Amino acid sequence: MGLTTVGSEELLRRAPVDSSAGHDITPRAAGWEYVGFAEHRLRRGDSVVRGPDDRERAVVVLEGTASVRAGTDSWSSLGSRDSVFDGPAPPVLLLEPGLELTVEAEARATIIVADAPAADVRRTQLFRPEDIHVETRGDGITERTIHHLLPPAVEAGRLILFEVFTPGGNWSSYPPHKHDTEDPPREAYLEELYYYRFRRPEGWGFARVYTPDRSLDASFAPGDRDVLLIPRGYHPFGAPAGYDAYYLNAMAGHHRAWHFTVDPDHAWLMNWDPQSPE
């Protein structure tokens with residue numbers, strides 16, 4: 001799979017101490033093969049420049065407003081909200097490999113750039129907020145809202161992106177599921193990365209990452225702007241009462257497919273009605 005040994009202590013990447021700095025996680029730094037992730041926190045007039053390479057990129061104007069130039073194309077005033085918890089889905093710009101990228105903040109902005117090795121499909125397309133499907137999934141304490149930023153149904157190379165809003169007291173990525181084995185159509189191998197935010201920035205969540213044989217079995221309390229790497233295993237997440245949670249998950253693998261296996265010990269939860277007492 002191209003995956004090196006990653007200890008549980010390396011899976012949670014804390015937000016930089018400098019609040020103006022962001023994450024920059026390369027596949028090599030993550031200990032895997034596909035997913036790269038960068039968080040840029042920009043003031044008005046600040047810019048980010050990334051040279052051309054052979055990787056597919058997705059630029060998400062997560063908060064604020066920015067202009068983007070990629071190759072000979074440009075887009076201005078991209079943005080839909082001041083905070084991830086306000087307003088509609090963000091605009092997402094999918095970039096084919098080989099383009100120089102420049103992002104300039106028109107107001108204070110948080111920009112996410114996810115990347116993966118190029119595949120056969122190579123295209124550039126802007127997905128505006130109105131293009132992005134919004135779904136409510138689950139019920140009761142498993143209910144959450146999902147923005148399908150770059151879902152498998154969209155033509156792209158390898159990247160898959162979602163953002164998920166989990167109310168305080170609820171669970172998501174639940175029941176526990178995994179996608180670490182290439183066994184189509186039952187399961188597809190996908191590396192996954194979670195970037196967390198909390199409506200109250202002092203908030204935190206609970207996450208567990210574990211494999212069937214428990215060779216990896218670790219629990220974490222990610223905080224605001226922390227990143228959790230999911231190289232393998234099941235990976236449920238819970239938001240404590242009072243702390244509404246957000247995460248953006250970026251995935252990529254050998255093939256662009258979203259097939260997963262639910263932990264058989266907890267598969268009964270697929271038919272569980274949380275509104276009805278046992």
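Residues numbered from 1 in each chain as written. Predicted model: local features only at pLDDT ≥ 70, side-chain atom pairs only at ≥ 80, totals over all residues. Heavy atoms only, no water.

Caption draft 1: Just unusual backbone geometry, in detail. Of note, the bond from Tyr174 into Pro175 is cis; its omega dihedral lies within 30 degrees of zero at 5 degrees. Within the secondary structure, Pro175 is located in the loop between strand E15 (171-172) and strand E16 (177-178). A positive phi angle, near 50 degrees, is found at Ser173, a position not held by glycine. Mapped onto the fold, Ser173 is located in the loop between E15 and E16. Of note, Arg225 is a non-glycine position whose phi angle comes to about 75 degrees, a positive value. Along the chain, Arg225 falls in the loop between strand E19 (217-220) and strand E20 (227-230). Accessibility expressed as a relative area gives 6% for Arg225, which makes it buried. (Helix = DSSP H or I, 4+ residues; strand = E, 2+ residues; numbered from the N terminus. Buried < 20%, exposed > 50% of the residue type's maximum accessible area, 1.4 Å probe, protein only.)

Caption draft 2: Region of the structure containing the pairing of strand E7 (residues 73-78). Sheet analysis places strand E6 (residues 66-70) next to E7, joined by four bridges and oriented antiparallel. Each bridged residue has a counterpart across the sheet, and for Val68 the counterpart in E7 is Trp75. In textbook terms, the turn of a hairpin is the stretch between consecutive antiparallel strands, and for E6 and E7 this stretch comprises two residues, one of which, Gly71, has a positive phi near 65 degrees. (Pairing = 2+ DSSP bridges.)

Caption draft 3: A look at the pattern of salt bridges. Within this structure, the stated rule accounts for 19 salt bridges. Between Glu39 and Arg225 there is a salt bridge, with the nearest N and O atoms lying 2.8 Å from each other. Taken as a pair, Glu39 in strand E3 (residues 36-42) and Arg225 in the loop between E19 and E20 lie far apart in primary sequence, 186 residues in all. Take Glu39 and Arg225: they sit in the same class, and that class is buried. (Salt bridge = Lys/Arg side-chain N within 4 Å of Asp/Glu carboxyl O.)

Caption draft 4: Structural detail: the sheet that holds strand E13 (residues 144-150). Within the open sheet, the seven strands sit side by side as E1-E20-E17-E22-E14-E13-E12. Their pairing is antiparallel. The sheet is open, and its two borders are formed by strand E1 (12-13) and strand E12 (133-137), each paired with just one other strand. With four bridges connecting them, strand E17 (residues 190-198) and E20 associate as antiparallel partners. What sits directly across from Leu193, in E20, is Leu229.

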